[in-house]
Amino acid sequence: SYRWLILAVTALTGFVVMGFQTTGLSVLFSEIADSVQLDLIQIGLVWGVGTVMGIVTTLIGGPLIDYFGTRRSRITLCFAVGITSALRALAFDFGTLFVTSFLFGMVHPVLPMNLIKLNRQWFAPNQLGLASGVMSAGVAMGLMLGSTLSATVLSPMLGGWRGVLIFLGLMSIAVGVIWLLVHPSGETTSDQRPNVGLIVDNLRVVMRYRELWVFAVAAFGIVGLMRGVVGYVPTYLREIGWVATDADTALTVFFLSSLIGVIPISYISDRMENRRVVMIAGTFMMSMGVMLMFFAGSTLWAVFASMAVAGFFFDSFMATKSASITEIDGLDMTMLGSALGFAGMIQNISGTVIPPLGNMLSTIGLNVPFLLWSASGLVAMTTLIVTFKRKRSKFL
């Protein structure tokens, strides 16, 4: 029964260190821009540097998690995220903010892989979807409350954006201390010390698994869809005449809908013979929700309905995808970090490339980017469907 305590702290980690840290920064950008004199391009560079760094660090972080174990690496990551988060509060111009955000982006994207592997270590397959769902619910709650509270509640309470970033850093360190006390020592780890040759060799092994490619490509489409929509919608709604509070509420609807759906849908995936059915349904719903944004115009109920449909399956898709990767037939537990690192690299490439491609289409029409992001979700759905009925094969 101790695994349920582990899961509770995992959800807390998702809430504080992953979710709140992400949207907690994004809603502070207007305040930060006024303080250190940033323009829109510089804001975009600061926001995107973490995703770019994740392309590299997830590849390296996976084998490091395998070697050092989930306990030691997770405690270290929580401390590192806390320290680099607080360092951003010391920025006095674009250069210092970019460098500190660069350091933050080196460690923050690695933590989700650790939590995914932790769930696989503590939960049986018939509970793995639920465990992943609870973890994702923590992340979703952090994303929702981070976008709601950071600028309007925490910033006035803590004396501005610098106080918020220091507070979030201290909270992440506190989570690391909790893990130090809660997670028992002693676990099976890889006996091969990580180096460039080993990382390359591990990637060659895990890249031979066909199912890993399927899930990575599906995540590529969905992460691109989510990053594009979440980054564009507030600005888009302001441009078409919405007031700022309503525009920000649209994102809250997205994350709230996702939070409502994540645990029950993830639990359903445990009861099904193939989690891919849930993933196919989710990619279809997300694509249709984003497509509806193209037609919604400035009608409030239509926009909120579109965001609710688009968001309902997001966190459950990510939870089910993560559980599915850990269950790939023949994938050794000591190689799981490398497999998750490869999938994380693909996701971060998507988060870096797909959103700006959509933004470029705004010169044609402000609602046109939604077509690209909807198509990105349909690519994910098609990938899952065309491989669904093929004869099961472990390797490519």
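Our structure is the block above this text.
Please read these numbers as outputs of a predicted model, since none were measured by experiment.

1. Things to note about helix α2 (residues 29-36)
Logical step 1: Of all the residues in α2, the buried ones are Phe29, Ile32, Ala33 and Val36. Projected down its long axis, α2 shows its buried positions confined to an angular sector of 100°, all on one face. Counted as exposed and oriented over 90 degrees from the buried face of α2: Ser30 and Asp34.
Logical step 2: A positive backbone phi angle near 60° is found at Gln37, which sits one or two residues after α2.

2. Quick notes on the packing of aromatic side chains
Logical step 1: Taken as a whole and assessed by the stated rule, the structure comprises 15 aromatic pairs.
Logical step 2: Ring plane angle 80° and centroid distance 5.1 Å describe the contact between Tyr236 and Phe370, whose orientation is recorded as edge-to-face. A residue pair is termed long-range when its members are at least 10 positions apart, and Tyr236 in helix α10 (residues 210-239) and Phe370 in helix α16 (residues 369-386) qualify at 134 residues.
Logical step 3: Here Phe370 falls in the buried class, since its relative accessible area comes to 0%.
Logical step 4: Relative to Phe314, the ring of Phe254 lies with its centre 6.3 Å away and its plane at 45°, an arrangement referred to as tilted. A residue pair is termed long-range when its members are at least 10 positions apart, and Phe254 in helix α11 (residues 244-271) and Phe314 in helix α14 (residues 314-326) qualify at 60 residues.
Logical step 5: Of the residues examined, Phe254 reaches a relative accessible area of 1% and is grouped as buried.
Logical step 6: Taking relative accessible area as the criterion, Phe314 reaches 6% and is therefore assigned buried.
Logical step 7: Sitting over the face of the ring of Trp179, Arg74 holds its NZ or CZ atom 4.2 Å from the ring centroid.
Logical step 8: The cationic tip of Arg88 hangs over the ring face of Phe104; the distance from NZ or CZ to the ring centre is 4.0 Å.

3. Considering the pattern of salt bridges
Logical step 1: Scanning the entire structure with this criterion turns up 4 salt bridges.
Logical step 2: In this structure, Arg275 engages Asp270 in a salt bridge whose closest nitrogen and oxygen atoms are separated by 2.9 Å.
Logical step 3: With its nearest N and O atoms 2.9 Å apart, the salt bridge here joins Glu327 to Arg275. Here Arg275 lies in the loop between α11 and α12 (276-296) and Glu327 lies in the loop between α14 and α15 (336-360), a separation of 52 residues in the sequence.
Logical step 4: Using a relative accessible area of 27% as the deciding quantity, one classes Glu327 as partly exposed.
Logical step 5: Under the relative-accessibility criterion, Arg275 is labelled buried at 8%.

What counts, and at which threshold
- Residues numbered from 1 in each chain as written.
- Predicted model: local features only at pLDDT ≥ 70, side-chain atom pairs only at ≥ 80, totals over all residues.
- Heavy atoms only, no water.
- Buried < 20%, exposed > 50% of the residue type's maximum accessible area, 1.4 Å probe, protein only.
- Helix = DSSP H or I, 4+ residues; strand = E, 2+ residues; numbered from the N terminus.
- Arc of directions from axis to C-beta.
- Phe/Tyr/Trp six-rings, centres within 6.5 Å; stacked < 30°, edge-to-face > 60°.
- Lys NZ or Arg CZ within 6 Å of the ring centre and 35° of its normal.
- Salt bridge = Lys/Arg side-chain N within 4 Å of Asp/Glu carboxyl O.

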